[in-house]
Amino acid sequence: MISIKGLSRTFGRGAGQTTALKDISLEIPEGQFVAIVGTSGSGKTTLLNVIGGLDSGWKGEVSIAGQSIAKLSDAQMSKLRSERIGFVFQHFNLLDHLSCLENVTLPGFFGGPNATGGAERAREVLRLVGLGEKIDDKPSQLSGGQKQRVAIARALFNRPRLILCDEPTGSLDRRTGLQIMDLFQRLNQSEGITLVIITHEEHVSEMASRVVRLEDGAMISDEPNDPVSPAQLLEALDKQQQEEGA
Ligand SMILES: Nc1ncnc2c1ncn2[C@@H]1O[C@H](COP(=O)(O)OP(=O)(O)O)[C@@H](O)[C@H]1O
Ligand SMILES: [Mg+2]
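Just so it is clear, the model here is predicted, and its values are computed rather than measured.

Caption draft 1: A look at the side chain of T169. Looking at the secondary structure, you find T169 in the loop between strand 7 (162-166) and helix 6 (174-191). When its relative accessible area of 3% is taken as the criterion, T169 is described as buried. Every residue in contact with T169, bar those within four places of it in the chain, is listed here: G177, I180, M181, E201 and V204.

This is how it looks when you write it as structure tokens:
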């Protein structure tokens, strides 16, 4: 699904130059759930932006679904992005003046299988993320966790085979974060969607089946992981809070 060979990315010139990624090589097969971890400034967002075709100016080889993305024109990259890739960000990136339904339908305006007749698909994905009742609400009427569910529904709209997430639980409390991770784990397991999640939270990375660690732009480890179930962590959290309350 994703193949990266000898990827490097440098920003700026001369004395002000920063090397954000150093000679990264990585293969991510279809259906895998990978966490990319590392401290702030280690290159995680830069890596995700390259994979998602949101950055140029890097060196190396990157292929998504067998297509070498360096060779694609902007229009071809947009097409690949809208057909294959969903994005989820820390701050949800919803448009406040639009309803949930309209936010979710947005990817249809950039092409893809639901370019027309998207309302039905939007309702379907909003139901899938548990927001069937909030279709006409504006983002300002929703909690943080609900906003992130809308963002996930939007990411799912075009039936992507890959979802890229940059700190998707970074703005959420622990319980809400676990609920969102439970949704991601289910999407990965039931739909086989490839998931790449950036996080600096160790307990979030433990839910992935592979953990790639970056430090100062270099890949310092790449390990398989026996995934922890967010549903079990939620149960444990409920129990703990009941005991504290009792
Ligand atoms: N657009 C940019 N211009 C200049 N430097 C950048 C830019 N984007 C990222 N960097 C630098 O690249 C390094 C990695 O950043 P980033 O990928 O955002 O790290 P992370 O997501 O792990 O916090 C940092 O030193 C950052 O300052
Ligand atoms: Mg980042």
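Past the structure itself, the notes keep going.
Caption draft 2: Structural context of the site of ligand 1. Near ligand 1, the surroundings consist of F11, T18, A20, T39, S40, G41, S42, G43, K44, T45 and T46. Note that an oxygen atom of ligand 1 is positioned 3.1 Å from one of the backbone N or O atoms of G43. The contact in question runs from an oxygen atom of ligand 1 to an N or O atom on the side chain of T46, over 2.6 Å. Here ligand 1 loses 58% of its free accessible area of 560 Å² to cover by the protein chains. Elements with a contribution of two residues or more to the shell around ligand 1: strand 2 (18-28) and helix 1 (44-51). The element that contributes the greatest number of residues to the shell around ligand 1 is helix 1, accounting for three residues. Among the residues making up the shell around ligand 1, the classes are represented as two nonpolar, eight polar and one charged.

Caption draft 3: Representation of helix 4 (residues 118-128). What helix 4 keeps buried is the set G118, R121, A122, V125 and L126. Down the axis, helix 4 shows its buried residues gathered within 135° of arc, on one side only. Residues of helix 4 that are buried make contact with helix 3 (100-105) and helix 5 (144-156).

Caption draft 4: Broad picture of the layout of surface pockets. A volume near 220 Å³ is recorded for the second largest pocket. As for the second largest pocket, its lining consists of 13 residues, of which G53, D55, S56, W58 and I69 are closest to the centre. Broken down by class, the residue content of the lining of the second largest pocket amounts to seven nonpolar, four polar and two charged.

Caption draft 5: Highlighting the packing of helix 4 against helix 5. Across the interface, helix 4 lies against helix 5 with an axial gap of 9 Å and an inter-helix angle of 130°. Overall, the two elements helix 4 and helix 5 adopt an arrangement that is oblique. Here helix 4 runs over helix 5; the crossing is right-handed. In this structure, helix 4 contributes R121, V125, L126 and L128 to the contact, and helix 5 contributes V150, A153 and L156. In terms of residue class, the contact of helix 4 with helix 5 is built from six nonpolar, no polar and one charged.

Caption draft 6: Looking closely at the pairing of strand 10 (residues 218-224). With six bridges joining them, strand 9 (residues 210-215) and strand 10 adopt antiparallel strand pairing. The partner of V211 across the bridge, within strand 10, is E223. Linking strand 9 back to strand 10 in an antiparallel pair, the connection comprises two residues, with D216 at a positive phi of about 45°.

Definitions and limits used
Residues numbered from 1 in each chain as written. Chains lettered and ligands numbered in written order. Predicted model: local features only at pLDDT ≥ 70, side-chain atom pairs only at ≥ 80, totals over all residues. Heavy atoms only, no water. Helix = DSSP H or I, 4+ residues; strand = E, 2+ residues; numbered from the N terminus. Buried < 20%, exposed > 50% of the residue type's maximum accessible area, 1.4 Å probe, protein only. Contact = heavy atoms within 4.5 Å. Near = heavy atom within 4 Å. Polar contact = N/O pair within 3.5 Å; in protein donor to acceptor, adjacent residues only side chain to side chain. Areas by Shrake-Rupley, 256 points an atom, 1.4 Å probe, with all protein chains shown as cover. Nonpolar A, V, L, I, M, F, W, Y, C, P; charged D, E, K, R; others polar. Arc of directions from axis to C-beta. 1 Å grid on protein atoms, 1.4 Å probe; cavity = no way out; pocket = protein on both sides within 12 Å on 5 of 7 lines; lining within 4 Å. Points joined across faces, edges and corners; volume = space filled by probe spheres on them. Axes fitted to C-alpha atoms, helices over the stretch in contact; angles between N-to-C directions. Parallel < 35°, antiparallel > 145°, perpendicular 65-115°, else oblique. Left-handed = near helix turned anticlockwise from the far one by under 90°. Pairing = 2+ DSSP bridges.

None of the figures reported here should be taken as evidence of function without further support.
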